[in-house]
Amino acid sequence: MGILFLDHSGCGLYCMTPQKIRKIFARFQAANPHPTTELVWHSDFELLVAVILSAQATDTSVNRATEKLFKVANTPEKILALGEAGLKKYIQTIGLFNTKAKNILKTCRILVEQHDSKCPDNREALEALPGVGRKTANVILNTCFGQPVLAVDTHIFRVAQRIGLAKGATPLAIEKQLVAKIPKEYLHDAHHWLILHGRYVCTARKPHCPECLIQDLCEYADKTPLKTY
């Protein structure tokens, strides 16, 4: 029996079978057996800071900033020692850097005072940190602690609905459907596969359907055609 999604855009019903979903992720795994984030990090704390900085910013811009920042301050204590003005010098090229600097410093203080300067490994503690919401918490839980959770960013929100994996009005709705429907053996890496697919293949304006490794399994009706000359 297929999985039905009501499409409120007027396009009818999507029906993606569990067999098709399994094939999609088997292909992702075959093409990229060990996917990971494109953020550069060397400790749980570094990834936490990088993900906070990545909100409404590209991974490339974050990596440029953290490459210099982490050489001088890669622990909560060292970032606190920089102070707000010192931290801003390193992250001022990133969008919303004023707010992010404040949140990172508050987070560092909590980590020092409540978590022995370590990054928490549970959702409740992570989401209590300033600048950390469900998406950021899921990235940390998945990438640092190996938990089978899935962070829904703009790429995953778009890709999941476009190809027919899930339908929903909110990231949380999409997350719950994906977690329920993706086979368990693929769930840990699904976050990275879907982000990379959305970033480089299933792009927002004009997806690269002719080069897509799942184009024959995808439910998207308006696939970009192969160019003919």
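Everything that follows concerns the structure shown earlier in this document.
Predicted model, so just to flag it, every value in this text is computed and none were measured.

Novice: Can you walk me through the overall build of the protein chain in this structure?
Specialist: Looking only at helices and strands, the protein chain has ten helices and two strands in total. With the C-alpha coordinates aligned to their principal axes, the bounding extent of the protein chain is approximately 55 × 40 × 35 Å. If you take every contact in the protein chain between residues at least 6 apart in sequence, the share linking residues at least 24 apart comes to 57%. Summed over all atoms, the accessible surface of the protein chain reaches about 11,900 Å², with 55% contributed by carbon and sulfur. Looking at the protein chain, you have 29 positive and 21 negative side-chain charges, and the mean spots of the two groups are 6 Å apart.

Novice: Help me understand the side chain of Thr-107, please; the structure alone is not making it clear to me.
Specialist: Position of Thr-107 relative to the elements: it lies in helix H5 (residues 97–114). Owing to a relative accessible area of 2%, Thr-107 belongs among the buried residues under this scheme. If we ignore the near neighbours within four places in the chain, the residues touching Thr-107 are Leu-48, Ile-52, Leu-129 and Pro-130.

Novice: Can you walk me through the pattern of salt bridges in this structure?
Specialist: Side chains carrying opposite charge are able to pair once their charged atoms draw close together. Across all of its chains, the model carries ten salt bridges by this definition. When the shortest N-O distance is used, the salt bridge between Glu-38 and Arg-199 registers 2.5 Å. Remark: Arg-199 occurs in helix H10 (residues 184–200) and Glu-38 occurs in the loop between helix H1 (18–31) and helix H2 (44–53); sequence separation between them is 161 residues. Residue classification places Arg-199 among the partly exposed positions, given a relative accessible area of 25%. Between Arg-199 and Asp-59 there is a salt bridge, with its nearest N and O atoms 3.2 Å apart. Here the residue Arg-199 occupies a position in helix H10, and Asp-59 occupies one in helix H3 (residues 59–72), the gap between them amounting to 140 residues. Here Asp-59 falls in the buried class, since its relative accessible area comes to 13%. Through salt bridges with shared partners, one network takes in Glu-38, Asp-59 and Arg-199.

Conventions and cut-offs
Here the residue numbers are simple positions, counted from 1 along each chain's written sequence. Reporting in this predicted model follows two pLDDT cut-offs: at least 70 for local features of residues, and 80 or more for side-chain atom pairs to be given and counted; totals over whole chains, interfaces and linings ignore these cut-offs and use all residues. With hydrogens and water set aside, each side-chain value is computed from the structure's full complement of heavy atoms. Secondary structure elements follow DSSP: runs of H or I no shorter than four residues count as helices, runs of E no shorter than two count as strands, and numbering proceeds from the N terminus. Throughout, a contact is declared for two residues whenever any of their heavy atoms are within 4.5 Å. Shrake-Rupley sampling with a 1.4 Å probe provides the accessible areas, and residues are treated as covered by the protein chains on show and by no other component. Charge counting treats Lys and Arg as positive and Asp and Glu as negative, with His and both chain ends excluded. A single reference atom marks each charge: NZ on Lys, CZ on Arg, CG on Asp, CD on Glu. The cut-offs for exposure are 20% and 50% of the maximum accessible area for each residue type, with area from a 1.4 Å probe on protein chains only; residues under the lower value are buried, those over the upper are exposed, and the others partly exposed. A side-chain nitrogen of Lys or Arg and a carboxyl oxygen of Asp or Glu constitute a salt bridge if their distance falls within 4 Å.

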